[in-house]
Amino acid sequence: MSMLHLNYQVPGDDFTRAGEASGDVKHKLKKLGYEPDATRRVAIAMYEGEINMVIHAGGGEAVVDIDPDRVEIVLADHGPGIEDVDQAMQAGWSTAPDNVRALGFGAGMGLPNMKKYTDEMVVESVVGEGTTVRMTVVPGRKQ
Amino acid sequence: MQIGEMAQTCGWKLLAGEKGTGNEVDGCYVGDLLSWVMARAQAGNVWLTVMGNVNAVAVATLTEVSAIVLTESAALDAEAAVKAEQQGIPVYTCAENTYETAVQVYEKLGQ
């Protein structure tokens, strides 16, 4: 059992609510006195993941486990899946529609940012079934 | 310097988030691409942008910038104004472009 186990539903069609889960996690980490750099990395990686779920997958679920030595984030959706994960991981690659780009997203930076800000990241995706992203942030590791 | 004081001397008008006007400013970041800004803006920066949507407010909250300044009179969405108010993120507007505003910030921070 982790010290703190959190579970969020990320709404599928609502850009205005994307960020609620990552914002709440950030708030909780701050309250716990978690290391600021790790807190920031968790918040950024998770927000990018939330935005991805809103843009591409019709929402999903976020599960976060907080321990003193690590934060584990699992983002799972039942969206269309990613055909080529390696390609999706490349900075600048995006399938986001124009309306998303107009909001300031969709530049193909989401997954690369998530990888950059976490210490471990695994993307599992099945076309037609959905995508699960598992991320780990270890305080004091990346700066 | 507090953001409220900087805003006053630069002639920016507050649109929302009055709670945060005591935030300290120690730098500046410029950008409109939210993923880019999120990865690079630092806490305490004043963020100059034309993105006045609710996601910009979320990015400001996550990065702990001291304020958003919407340059060239870019609009702030109603939803974004509500969110900024809730989160205490000051959002200002000014008529100058981003470059001119950045120069103003540079001068204020150097004083």
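Look a little higher up for the structure.
Residues numbered from 1 in each chain as written. Chains lettered and ligands numbered in written order. Predicted model: local features only at pLDDT ≥ 70, side-chain atom pairs only at ≥ 80, totals over all residues.

(A) Structural context of the nonpolar core. With 68 residues, the main nonpolar core has Val42(A), Val46(B) and Val69(B) as its most contacted residues. The dominant element in this core, judged by the number of residues it contributes, is helix 2 (residues 36-56) of chain A, at 11 residues. Beyond its immediate sequence surroundings of up to four residues, Val42(A) is in contact with Val25(A), Lys26(A), Leu29(A), Val71(A), Ile73(A) and Val137(A). (Core = buried A, V, L, I, M, F, W, Y, C linked by C-beta atoms within 7 Å. Buried ≥ 20, exposed ≤ 12 C-beta atoms within 10 Å, placed from the backbone. Helix = DSSP H or I, 4+ residues; strand = E, 2+ residues; numbered from the N terminus. Contact = placed C-beta atoms within 7 Å.)

(B) Looking closely at the environment of Met89(A). All names here are of chain A. Its location among the elements puts methionine 89 in the loop between helix 3 (85-88) and helix 4 (98-102). As for methionine 89 and glycine 104, which are separated by 15 residues in sequence, their C-alpha atoms are 19 Å apart. If sequence neighbours within four positions are ignored, methionine 89 has contacts with Leu111, Pro112 and Lys115.

(C) Focus on the sheet that holds strand 3 (residues 45-49) of chain B. Residues and elements named next belong to chain B. Spatially, five strands are ordered 1-5-4-3-2 in an open sheet, and the strand pairing comes out mixed. Looking at strand neighbours, the two that pair on one side only are strand 1 (13-16) and strand 2 (27-30), the edges of this open sheet. The sheet shows a mean angle of 30 degrees between the axes of neighbouring strands, taken without regard to direction. Pairing analysis gives three bridges linking strand 1 to strand 5 (residues 91-93), with the strands arranged antiparallel. Within strand 5, the position partnered with leucine 14 by the bridge is tyrosine 92. (Pairing = 2+ DSSP bridges. Axes fitted to C-alpha atoms, helices over the stretch in contact; angles between N-to-C directions.)

(D) Quick peek at helix 2 of chain A. A rise of 1.5 Å per residue sets the reference length of helix 2 of chain A, with its 21 residues, at 30 Å; its end C-alpha atoms lie 30 Å apart and thus fit the reference within 8%. Positive backbone phi, at 65 degrees, marks Gly58(A), one or two positions downstream of helix 2 of chain A. (Expected span 1.5 Å × (residues − 1).)

(E) Structural view of the interface of chain A and chain B. Listed as interface residues are 17 residues of chain A and, on the opposing side, 16 residues of chain B. Of all the secondary-structure elements, those providing two or more residues to the side of chain A that touches chain B are helix 1 (20-31), helix 2 and helix 5 (110-117) of chain A. At four residues, helix 2 of chain A tops the list of elements feeding residues into the side of chain A that touches chain B. For the side of chain A that touches chain B, the residue count by class is eight nonpolar, seven polar and two charged. (Nonpolar A, V, L, I, M, F, W, Y, C, P; charged D, E, K, R; others polar.)

(F) Structural context of the packing of helix 2 of chain A against helix 5 of chain A. Residue and element names in this part refer to chain A. The N-to-C vectors of helix 2 and helix 5 enclose an angle of 155 degrees; their axes lie 9 Å apart at closest approach. Judged by the angle between their axes, helix 2 and helix 5 are roughly antiparallel. Between helix 2 and helix 5 the crossing geometry is left-handed. Taking contact as the criterion, the partners of Arg41, Ile44, Ala45, Glu48, Gly49, Ile51 and Asn52 in helix 2 are, on helix 5, Gly110, Asn113, Met114 and Tyr117. Broken down by class, the residue content of the contact of helix 2 with helix 5 amounts to five nonpolar, four polar and two charged. (Parallel < 35°, antiparallel > 145°, perpendicular 65-115°, else oblique. Left-handed = near helix turned anticlockwise from the far one by under 90°.)

(G) Representation of the sheet that holds strand 1 (residues 4-10) of chain A within the structure. All names here are of chain A. The strand order across the open sheet built from five strands is 1-2-3-5-4, with neighbouring strands paired in antiparallel fashion. Single-partner strands in this sheet number two, and they are strand 1 and strand 4 (120-126). Sheet twist, expressed as the mean angle between neighbouring strand axes with direction ignored, is 10 degrees. As defined by bridge partners, strand 2 (residues 60-67) adjoins strand 3 (residues 70-77) across eight bridges and the pair is classed as antiparallel. Paired with aspartate 65 across the bridge in strand 3 is glutamate 72. Along the sheet face, helix 2 touches strand 1, strand 2, strand 3 and strand 5 (130-137) and points at about 5 degrees away from the line of strand 3.

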